[in-house]
Amino acid sequence: MGRKGGRNGRGLLWSERAAAVVGGILVLALAVAAVIGAVRLFGGDDEDGSGLGNAPGHERPPDARNGSLDVLVLGSDSRAGDNARWGRDTGSARSDVMMLVHLHAGERGATVVSLPRDTLVERPACDRPDGGTEPASRAMINSAYAVGGPDCAVATVEELTDLRVDHFLAVDFSGFAELVDALGGVDVTVERPLNDPNSHLDLAAGAQTLDGEQALALVRTRGPVAGGSDLGRIQLQQAFLTALVAQLHAEDPLADPARALRLADAADEALITDDGLDSPRELARLGSGLASLGPEDLDLLTLPVVPAPEAPGRLVPLSGQSAEVWRALAADEPVPASATRGSAAEGFQVGDVLRPRP
């Protein structure tokens, strides 16, 4: 999404633009990647966007047409370009963070399902960037983005969930850090010192404002604070998300137009989205609904999984419980508590190490 071209938000009221920016920030919060409304409203076009779910042999699920919206949000682990300071460039970008954000109809809140990157799933055949076709295989879910980009990631999630993904957006390491900095940081209270040299995490206990690099180190860590597990890392990501949504709900991040423009500029540089996110007024409508969300309006859960018996260190979905999750979302209903019983994620607790700052 480059910034060349005219500002396609021309003619919109400032209040409409602001609503779209807020909505985008909340989708960023809901997985670390957004301000989608700002990108479209303040300028940019779709040359970096992708279609959705285009994969050989993949038949997209039907649209639920019940007023809900499903957004796949990815955090890429690319080390290319500005991301090189976080590790060696391997030439590919897997999705270290995967969340399916279900926005309930009628502004009834959102359900956010984290998809552990180590989960083994059936990945459909996907078109590779070099023009070839990657055969269907059983693979870690985060490999889909590396194999075939957004189309393959969306197709893989649709095969898993039987839900139609309405929109897609992704952000890499540098983009995430820049978005948090443009917001002015995220206010948190850290209950005990948190350290992980591998992710560059070094936080003292107490109330503080995390800048972009500190926030990135927190959501990336799989160190001792996360129990060395992706399931523990997801819990830290969800705690960060709760703090971010609480902060956005308590303050008006767009009261200062200059701050709003900084957010828009950061989003314009940071994000990859699908081509469908090209309607400024639709985004303003969506943002207006999202702007009212507080932490109490979010249902954060992790895909029900258990260790894979055939592959140490990998996970597999619990078929019955996972089906409960997807049935509830297809009907635009709350996910029942029974859907997460027996999951490895349910019994894995990192403790209350991070909370919103009062």
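Residues numbered from 1 in each chain as written. Predicted model: local features only at pLDDT ≥ 70, side-chain atom pairs only at ≥ 80, totals over all residues. Heavy atoms only, no water.

Re the pattern of salt bridges
Counted under the stated rule, the structure contains 12 salt bridges. Residue arginine 108 is joined to aspartate 332 by a salt bridge in which the shortest nitrogen-to-oxygen separation is 2.5 Å. Placement of arginine 108 in the loop between strand E2 (95-103) and strand E3 (110-114) and of aspartate 332 in the loop between helix H9 (319-330) and strand E17 (354-356) is noted, with a sequence separation of 224 residues between them. Using a relative accessible area of 7% as the deciding quantity, one classes aspartate 332 as buried. Among the salt bridges present, the one from glutamate 122 reaches arginine 138, with a minimum N-O distance of 3.1 Å. Of the two residues, glutamate 122 sits in strand E4 (residues 120-123) while arginine 138 sits in strand E7 (residues 137-140), which places them 16 residues apart along the sequence. (Salt bridge = Lys/Arg side-chain N within 4 Å of Asp/Glu carboxyl O. Helix = DSSP H or I, 4+ residues; strand = E, 2+ residues; numbered from the N terminus. Buried < 20%, exposed > 50% of the residue type's maximum accessible area, 1.4 Å probe, protein only.)

A look at helix H6 (residues 230-250)
Over its 21 residues, H6 runs 30 Å from end to end, which matches the ideal 30 Å to within 8%, given 1.5 Å per residue. Counting buried residues along H6, 17 of its 21 residues qualify, which places the element largely inside the surrounding structure. By the N-cap criterion, in which a side-chain oxygen at the helix start approaches the backbone nitrogen of a residue two or three places on, H6 is capped by serine 229, the distance to leucine 231 being 2.9 Å. (Expected span 1.5 Å × (residues − 1). Polar contact = N/O pair within 3.5 Å; in protein donor to acceptor, adjacent residues only side chain to side chain.)

Concerning empty space enclosed by the protein
Over the atoms rolls a probe the size of a water molecule, and its path tells where empty space is left. For the structure on display, the rule yields 3 cavities of 30 Å³ or more. In this structure, the largest cavity occupies an estimated 100 Å³ of space. If you trace the largest cavity, you find 14 residues lining it, with Gly75, Val97, Phe173, Leu216 and Val219 closest to the centre. Contributions of two or more residues to the lining of the largest cavity are made by strand E1 (69-76), E2, helix H4 (173-183), helix H5 (212-220) and H6. Broken down by element, the lining of the largest cavity gets its largest block of residues, 3 residues, from H5. Of the residues contributing to the lining of the largest cavity, the split by class is 7 nonpolar, 3 polar and 4 charged. In this structure, the second largest cavity encloses a volume near 50 Å³. If you trace the second largest cavity, you find it lined by Asp96, Val97, Met98, Met99, Ser114, Leu115, Pro116, Arg117, Asp230, Ile234 and Gln237. (1 Å grid on protein atoms, 1.4 Å probe; cavity = no way out; pocket = protein on both sides within 12 Å on 5 of 7 lines; lining within 4 Å. Points joined across faces, edges and corners; volume = space filled by probe spheres on them. Nonpolar A, V, L, I, M, F, W, Y, C, P; charged D, E, K, R; others polar.)

The values reported here are purely geometric and, on their own, carry no functional implication.
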